[in-house]
Amino acid sequence: MLAYDLLALGAAACWAMGSVMSVTPSRHLGAFAFTRWRMAMVAVMLWSVVAVTGGWCGFGLEAWGAMAISGLIGIFVGDTALFAAMNSLGPRRAGVLFATHAAFSAALGFWLLDERMSVQALVGAALTLAGVMTAMALGRRKDENHAWEVDRGHVGLGVALALLAALCQAVGSLVAKPVMALQVDPMMASAVRVTVATAAHGVLLLSGFRAARATTAPTARVLLQTGLNGFVAMGVGMTLVLLALEKGDVGMVAILSSVSPILVLPLLWFQLKRAPAPGAWLGALMTVVGTGLLLWR
């Protein structure tokens, strides 16, 4: 199981980089337009790979349906809600709330898939989640005034959107798990999820939904940032999660991939040019210990 655990951690690293890379283009375009551009670019990347590898072979009708539903819930609704929350709360605080997707996933896996954890795994999971929450909740210095830490919009709405994103992430993984357990091609599975979500965004834009329009016209630089973000976070990160779900439990994969906010801390340190607050170090230590217990369970 160690290989699948490492895949989940790899996804966490991709999502950490993606969350930091997304702040500028997401605030430039707006959550809906950013997500739409990002997914359209990733869809082209994934289908190009599938066309070369022939990953569609053996991908049955049931797999198409399950991945379509997973994409609508986990990407169309979930990703859009997450970036809207980031635009309002910033990457650190949105990350705290989004990390609850691990708890949602573990609960749903226990309830619907009869997934169980050993005592060591349960302790490790609790330490990991507590560490993530501690690090992100206490990670801001009192004198911090960087634009990424400033509220934009209604805070309550931002919190609700982040929790919605977490729930959608959990449900999307739950729907994808039975298909990935059949060991279908993960690139093909990712391509279907992203394409369906992109189509849904296109329908939303064509319907005249005002929020779906870009708040500011895209520039070449913003589109380059968006494409790079999509490649790292969705093209690589999402595919790693689907690979991890082939044999890993939904709850365990979610818990290990939820450490991405911890991995955001050094990236924020580099961007903000100052070390995280002491509470962040405490949370990071708890997460490292908890992750260690999970890896060597």
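Criteria and thresholds
Residues numbered from 1 in each chain as written. Predicted model: local features only at pLDDT ≥ 70, side-chain atom pairs only at ≥ 80, totals over all residues. Heavy atoms only, no water. Helix = DSSP H or I, 4+ residues; strand = E, 2+ residues; numbered from the N terminus. Rg over C-alpha atoms; globule rule 2.2 N^0.38 Å. Buried < 20%, exposed > 50% of the residue type's maximum accessible area, 1.4 Å probe, protein only. Contact = heavy atoms within 4.5 Å. Areas by Shrake-Rupley, 256 points an atom, 1.4 Å probe, with all protein chains shown as cover. Lys, Arg positive; Asp, Glu negative; His and termini not counted. Charge placed at Lys NZ, Arg CZ, Asp CG, Glu CD. 1 Å grid on protein atoms, 1.4 Å probe; cavity = no way out; pocket = protein on both sides within 12 Å on 5 of 7 lines; lining within 4 Å. Points joined across faces, edges and corners; volume = space filled by probe spheres on them. Nonpolar A, V, L, I, M, F, W, Y, C, P; charged D, E, K, R; others polar. Core = buried A, V, L, I, M, F, W, Y, C linked by side-chain atoms within 4.5 Å. Salt bridge = Lys/Arg side-chain N within 4 Å of Asp/Glu carboxyl O. Polar contact = N/O pair within 3.5 Å; in protein donor to acceptor, adjacent residues only side chain to side chain. Phe/Tyr/Trp six-rings, centres within 6.5 Å; stacked < 30°, edge-to-face > 60°. Axes fitted to C-alpha atoms, helices over the stretch in contact; angles between N-to-C directions. Parallel < 35°, antiparallel > 145°, perpendicular 65-115°, else oblique. Left-handed = near helix turned anticlockwise from the far one by under 90°.

## What about the overall build of the chain?
For the chain, the helix and strand inventory stands at 12 helices and 0 strands. N-terminal to C-terminal, the α/β element order of the chain is α-α-α-α-α-α-α-α-α-α-α-α. The C-alpha radius of gyration of the chain comes to 18 Å, within 12% of the 19 Å expected for a compact globule of 297 residues. Residue burial in the chain is summarised as follows: out of 297 residues, 54% are buried. Intrachain contacts of the chain at a sequence separation of at least 6 include 93% that bridge at least 24 residues. Total accessible area on the chain stands at roughly 12800 Å², and carbon and sulfur atoms take up 73% of it. In the chain, which carries 19 positive and 12 negative side-chain charges, the distance between the mean positions of the two groups comes to 12 Å.

## Let's talk about the layout of surface pockets
Empty space among the atoms becomes visible once a probe the size of a water molecule is rolled across them. Quantified by volume, the largest pocket comes out at close to 240 Å³. Along its surface, the largest pocket is lined by 16 residues, and A31, F32, T80, A84 and A211 are the ones closest to its centre. Elements represented by at least two residues in the lining of the largest pocket include exactly α2 (31–53), α3 (61–89) and α7 (155–180). When residues of the lining of the largest pocket are assigned to their parent elements, the largest contribution, 6 residues, is made by α3. Residues of the lining of the largest pocket, tallied by class, amount to 10 nonpolar, 4 polar and 2 charged.

## Focus: the nonpolar core
Ranked by internal contacts, the top residues of the largest apolar core, which has 53 residues, are F59, M67 and V194. Looking at this core element by element, the count peaks at 8 residues for helix α9 (residues 220–244). Once residues lying within four places of it in the same chain are set aside, the contact partners of F59 are W64, M67, V184, D185, M188, A189 and V192.

## Focus: the pattern of salt bridges
Counted according to the given criterion, the structure contains 2 salt bridges. D79 is the salt-bridge partner of R38, the closest N and O atoms lying 3.0 Å from each other. Pair noted here: R38 is in helix α2 and D79 is in helix α3, with a separation of 41 residues, a long-range link. Look at R38 and you get buried, because its relative accessible area is 4%. Exposure remark for D79: the relative accessible area of 13% places this residue in the buried category. Between R116 and D114 there is a salt bridge whose closest N-O contact spans 2.7 Å.

## Remarks on empty space enclosed by the protein
For the coordinates displayed, the defined rule picks out 3 cavities of 30 Å³ or more. The volume enclosed by the largest cavity comes to roughly 440 Å³. Forming the boundary of the largest cavity are 28 residues, of which W15, D79, L82, F98 and Q169 lie nearest the centre. Elements represented by at least two residues in the lining of the largest cavity include exactly α1 (2–29), α3, α4 (91–98), α7, α9 and α11 (260–272). Taken together, the residues of the lining of the largest cavity sort by class into 16 nonpolar, 9 polar and 3 charged.

## Regarding the side chain of S257
With respect to the helices and strands, S257 occurs in helix α10 (residues 250–257). Here V253 takes part through its backbone oxygen, which lies 2.9 Å from a polar atom of the side chain of S257. Leave out the neighbours within four places in its chain, and S257 touches A8, A12, W15 and H101.

## A few points about the packing of aromatic side chains
Aromatic rings in a pair are described by how distant their centres are and how their planes are angled relative to each other. Applying the stated criterion across every chain yields a total of 4 aromatic pairs. Here F32 and F209 contribute two aromatic rings whose centre-to-centre distance is 5.4 Å and whose plane-to-plane angle is 75 degrees, an arrangement assigned as edge-to-face. With F32 in helix α2 and F209 in the loop between α8 (186–206) and α9, this pair connects stretches of sequence that are 177 residues apart. Residue class for F209 comes out partly exposed when judged on its relative accessible area of 36%. Both rings, one in F34 and one in F83, keep their centres 4.9 Å apart while their planes meet at 80 degrees; by these two values the pair is edge-to-face.

## Side note on the packing of α2 against α3
At a minimum axis distance of 9 Å, the contact between α2 and α3 shows a crossing angle of 140 degrees. In terms of orientation, α2 and α3 fall into the oblique class. For α2 against α3, the interelement crossing comes out right-handed. Judged by residue contacts, A31, F32, F34, T35, R38, M39 and W47 of α2 engage W64, I75, D79, T80, F83, A84 and N87 from α3. For the contact of α2 with α3, the residue count by class is 9 nonpolar, 3 polar and 2 charged.

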